[in-house]
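Read off the chains here:
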Amino acid sequence: MNGTCDPCPFTAKPPNEVTFDRGDYVLSFDGTIHNNQLLVDFETPSSIRVHVPKGLDVRNPLLGVVSPEGNVTEELAGILISWNNTRMIECRMYDPFRETLLTSFLTFWAVAAVVLLFPFLAMRRKKG
């Protein structure tokens, strides 16, 4: 095959399995990804590249996930994640709103901790 078919024949098996004839392919997907998570399994080790569009990110370890050996680089059109010789990829993306929400949550609890600890530390200091 190696780029000689357009569209390339494939076999779809329920629920989420797609199989192609042996060869090298470039696959594109344009649509909604459920829960902003992409998980793909391959029968043989492959080189994989995933383009994450602008407006989504994977670099915050508290919000995003990139499976081991994934190399994340920033591009003009978004983020490129690449794996060499792997059988499984996983990436979980997030939008700026989730990052803002996480920052707000952590800030709230940091302020609450300071407010609650200040009287305790002040009383402890007076005793000593």
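Residues numbered from 1 in each chain as written. Predicted model: local features only at pLDDT ≥ 70, side-chain atom pairs only at ≥ 80, totals over all residues. Heavy atoms only, no water.

Draft legend 1. Just the packing of aromatic side chains, in detail. Throughout the structure, instances matching the rule amount to three aromatic pairs. When the centroid spacing of 5.9 Å and the interplanar angle of 50 degrees are considered together, the rings of Phe 10 and Phe 20 count as tilted. Highlighted residues: Phe 10 in strand β1 (residues 10-13) and Phe 20 in strand β2 (residues 17-20), separated in sequence by ten residues. (Phe/Tyr/Trp six-rings, centres within 6.5 Å; stacked < 30°, edge-to-face > 60°. Helix = DSSP H or I, 4+ residues; strand = E, 2+ residues; numbered from the N terminus.)

Draft legend 2. Expanded view of the pattern of salt bridges. Scanning the entire structure with this criterion turns up two salt bridges. For the salt bridge of Glu 74 with Arg 59, the shortest nitrogen-to-oxygen distance reads 2.9 Å. Linking Glu 74 in strand β5 (residues 71-75) with Arg 59 in the loop between β3 (37-53) and β4 (65-66), this pair joins segments that are 15 residues apart in sequence. On the basis of relative accessible area, Arg 59 is assigned to the partly exposed category, the value being 44%. Salt bridges linked by common partners bring Asp 57, Arg 59 and Glu 74 together as one network. (Salt bridge = Lys/Arg side-chain N within 4 Å of Asp/Glu carboxyl O. Buried < 20%, exposed > 50% of the residue type's maximum accessible area, 1.4 Å probe, protein only.)

Draft legend 3. Focus on the side chain of Asp 57. Tracing the chain through its elements places Asp 57 in the loop between β3 and β4. For Asp 57, the side chain forms a polar contact with the side chain of Arg 59, separated by 2.9 Å. (Polar contact = N/O pair within 3.5 Å; in protein donor to acceptor, adjacent residues only side chain to side chain.)

Draft legend 4. Expanded view of unusual backbone geometry. Here the phi dihedral of Asn 36 falls at roughly 55 degrees; this positive angle occurs in a residue that is not glycine. Tracing the backbone through its elements, the reader meets Asn 36 in the loop between β2 and β3. In this structure Asn 36 comes out as partly exposed when scored by relative accessible area, which is 24%. Look at Asn 85: it is not a glycine, yet its phi comes out positive at around 55 degrees. Since its relative accessible area comes to 57%, Asn 85 is described here as exposed.

Draft legend 5. Looking closely at the pairing of β2. As paired elements, β1 and β2 share four bridges and run antiparallel to each other. Across the sheet, the residue bridging to Phe 10 is Phe 20, located in β2. Between β1 and the antiparallel strand that follows it, β2, lie three residues. (Pairing = 2+ DSSP bridges.)

Draft legend 6. Geometry of a nonpolar patch on the surface. Where nonpolar side chains cluster on the molecular surface, the patch consists of Leu 62, Phe 105, Leu 106, Phe 108 and Trp 109 and spans about 590 Å² of accessible area. Looking at the element boundaries, Leu 106 is found in helix α1 (residues 96-127). Since its relative accessible area comes to 44%, Leu 106 is described here as partly exposed. (Patch = residues over 30% accessible without salt bridge, like charges linked within 9 Å, V, L, I, M, F, W, Y side chains within 5 Å. Areas by Shrake-Rupley, 256 points an atom, 1.4 Å probe, with all protein chains shown as cover.)

Draft legend 7. Spotlight on α1. End to end, α1 covers 47 Å across 32 residues, agreeing with the expected 46 Å (1.5 Å per residue, within 8%). Leu 117 marks the point of greatest bend in α1, at about 30 degrees, and the proline Pro 119 comes within the next four residues. (Expected span 1.5 Å × (residues − 1). Bend = angle between axes of the 7 residues up to and from the residue.)

Draft legend 8. Examining the nonpolar core more closely. Judged by nonpolar contacts, Ile 48, Val 50, Val 52, Val 58, Ile 79, Ile 81, Trp 83, Ile 89, Cys 91 and Met 93 together constitute the single largest core of ten residues. Looking at this core, the elements with two or more residues in it are β3 and β6 (78-92). No other element matches β6, which puts five residues into this core. (Core = buried A, V, L, I, M, F, W, Y, C linked by side-chain atoms within 4.5 Å.)

Draft legend 9. Just the layout of surface pockets, in detail. Its volume calculated, the largest pocket comes out at about 2200 Å³. Lining the largest pocket are 39 residues; nearest its centre among them are Phe 20, Leu 27, Val 40, Phe 42 and Ile 48. Mapped onto the lining of the largest pocket, the elements with two or more residues apiece are β2 and β3. (1 Å grid on protein atoms, 1.4 Å probe; cavity = no way out; pocket = protein on both sides within 12 Å on 5 of 7 lines; lining within 4 Å. Points joined across faces, edges and corners; volume = space filled by probe spheres on them.)

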